Amino acid sequence: MPLKISTMKKTSLILLSILIAMTSFAQKVKTNAVNTSQGLSKDEQQVMAWIDAHMPQAIELLKESVNINSGTLNIEGVKKVGALFAKEFEKAGFATEWVAMPDSIKRAGHLVASRRAGAAATSSNSSSSKKGKRLFLIGHLDTVFEPDMPANPFTMLNDSTATGQGVNDMKGGDVVVIMALQALEQAGLLKNTDITAYFTGDEEHAGYPREVTRGDFINRAKQADIALAFEGANGLNSVATGRRGASGWRLDVKAKTGHSSGVFTPGAGYGAIYEAARILNQFRETLSTEKYLTFNPGIFIGGSDIEYNSETSKGAAIAKTNIISPAVTVTGDLRFLTEDQKDRARVKMKEIVAQNLAQTSAKISFVDGIPSMAPTEGNNQVLGVINSISMDMGVGATVAGDPGSRGAGDISYVAAYVDCIDGLGASGRGAHAPGETIHLNQLPFLIKRAALTIYRLSR
Ligand SMILES: [Zn+2]
C-alpha cells in the first residue's frame, strides 16, 4: 500500500512537472513574441512589415543583378549592374553619380548614392537639424567571375537556397542595403539623415594605383562618422569588428638550364621549378601556423619559355620534360591583422628565398594591397547598437566574429578614419567559388537588421 501511494504520488508529480514545463515553454515563446514587438517602435514595426511584404521584389532584384556578368574586368557588365542599382537608390530618395576611372586603369568605376541632411527645402542649416551619425554604407558591384568562366545563372536549389555568380558576395549584400533604405524611405524615416552608399566596381581586383582607385572612396568616408559594410554575414548573431589586410608578392626564380639527365649534380644544379618548390614549401613549414597570417600562391608558371601578364593574371609556358627548367614565376597573396605582422612575415620570406639551391637564384617582391581593419573601441560601440537591435528583434545577442575568418575588404581603406562594422550583408556559402549560395530564408532578417541599424544610428 505505501508503495502504491508513493508510486501514485510519483506519477502525479511527473505529470505535474511536465505540465509546468509545457506551460513555462509556452510562456517563453509568448514572452519572446511580446519582446519582439515591445523592443521595436511603431515606426520600426512598420519598416519590418514593409520588408516582409517586399521580399519578392528583393529576390527579383537579386536575380536580375546576378544574371548580369560583372567580373571585375568586365567594365560594361559592372557599369550595367551600377545602372540597375542606381535606379533603386533613386527610389529611396538618393542622388546617384558614377565615379569614372581613367582608361589606363582598366576598371569600370564606382556607384555613389547619397542624401544629405538639410539638402531638402528647409532653410535651417544642416548642423542644427542633424542629430544622428553620418553613415557610409559599403557594397561592391563586381564579382570574381569573368565572362570567360562557366556561367551560373540565378537558380533556386531548394525553397530557401539559391546559387548564382555573386549571389552572396556580394550582390546579396547590395540588395540588403537597397531594400533597407527603401523600407526606411517609404516610412519617412530618412528625413534629415546624412548617408552615402558607395558601391565600388573593383573590390575583388582593385585597380592600381590605389590612390586613384580608392582616393575618392576614402575622401568621402572621411566625411562620415561610421562605415557599415555589407560583405557576407556569418550567421545571424555575429558581425565583424576587425578584418585582416591583404597584400601581394611575386617570386621570380632563375636557374641554369640543361639536359634533365644532369639534374641534382653540382654542375647542372636543381633547376628553377625545384627551387621555387623549396621556397614555397619552406614558407608553409615556417609561417603557416601563425595566427591571423595566411599566404597563398595563386599562380605558378615554370618551364623553358614563360610569360606572365599581371594585368590579366594569365600566363603561358613552353617546356619539355627532358630540359631542366630555367625560369619560374609565382604570385600570391599575404593576409595579416596588423602592419607589424605583415612586416615580420616579409622579412622571414626574404630569408627563405635567399637560401638558393645549386645553380639557381631567386628574388621576391612585395606590394601593399588593402590595410587591415583593427578591432577598436569605437567599432565595439557600434556593435553595441547592433546587439540591442538583435535583442529587440528576439534573435539573441550579436557578437564580434573572429577577424581571422575574413580576408580584406574595401572597408579597411577607411578603418583608420571612422568606426567600422562589416559582415552585415547576405548569408550563404562558398564565396569566390563556382556554385556559391545564398540562404534566402535569412535574408528578411538581415534586411530588417540593416534597416534598424541605419535608422537607430542616424537618429
Ligand atoms: Zn565581396
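Thresholds applied
Residues numbered from 1 in each chain as written. Predicted model: local features only at pLDDT ≥ 70, side-chain atom pairs only at ≥ 80, totals over all residues. Heavy atoms only, no water. Helix = DSSP H or I, 4+ residues; strand = E, 2+ residues; numbered from the N terminus. Buried < 20%, exposed > 50% of the residue type's maximum accessible area, 1.4 Å probe, protein only. Contact = heavy atoms within 4.5 Å. Areas by Shrake-Rupley, 256 points an atom, 1.4 Å probe, with all protein chains shown as cover. Pairing = 2+ DSSP bridges. Polar contact = N/O pair within 3.5 Å; in protein donor to acceptor, adjacent residues only side chain to side chain. Phe/Tyr/Trp six-rings, centres within 6.5 Å; stacked < 30°, edge-to-face > 60°. Lys NZ or Arg CZ within 6 Å of the ring centre and 35° of its normal.

In terms of regular secondary structure, the chain is built from 11 helices and 18 strands. Counting all 459 residues of the chain, 48% fall into the buried class. A separation threshold of at least 6 residues defines the contact pool for the chain, and within that pool the share at least 24 residues apart is 79%. Surface summary for the chain: the accessible area is close to 21,300 Å², and the carbon and sulfur share equals 56%.

We now examine the sheet that holds strand β17 (residues 428–429). Strand pairs in the sheet, formed through backbone hydrogen bonds, run parallel or antiparallel to each other. In space, the 4 strands of this open sheet follow the order β4-β5-β18-β17, with antiparallel pairing throughout. Only two strands of the sheet have a single partner each, and these edge strands are β4 (155–156) and β17. Bridging between β17 and strand β18 (residues 437–439) involves 2 bridges; their strand directions are antiparallel. Bridge pairing in β18 links Arg429 to Thr437.

This paragraph deals with the side chain of Ser372. Secondary-structure assignment places Ser372 in the loop between β14 (360–370) and α10 (377–392). Classification of Ser372 by relative accessible area gives buried; the value is 14%. Here the side chain of Ser372 touches Leu337 through a polar contact of 2.8 Å, landing on its backbone oxygen. Every residue in contact with Ser372, bar those within four places of it in the chain, is listed here: Arg243, Arg244, Gly245, Phe336, Leu337, Thr338, Ser412 and Ala415.

Taken as a whole and judged by the stated rule, the model has 10 aromatic pairs. Residues Phe85 and Phe199 carry aromatic rings whose centres are separated by 6.0 Å and whose planes lie at 90° to one another, so their mutual orientation is edge-to-face. Linking Phe85 in helix α4 (residues 75–91) with Phe199 in strand β6 (residues 195–200), this pair joins segments that are 114 residues apart in sequence. Here the two residues Phe85 and Phe199 agree in accessibility, since each one is buried. Judged by centre distance (5.0 Å) and plane angle (90°), the rings of Tyr198 and Phe217 are edge-to-face. Placement of the pair is Tyr198 in strand β6 and Phe217 in helix α7 (residues 210–222), with a sequence separation of 19 residues. Neither residue differs from the other here; Tyr198 and Phe217 are each classed as buried. Members of the aromatic cluster, each reached through a chain of ring pairs, are Phe85, Phe89, Phe94 and Phe199. For the cation-ring pair, Arg210 lies above Tyr208, with the distance from its terminal atom to the ring centre recorded as 4.2 Å. Lying across the ring of Tyr417, Lys222 places its NZ or CZ 4.6 Å from the centre.

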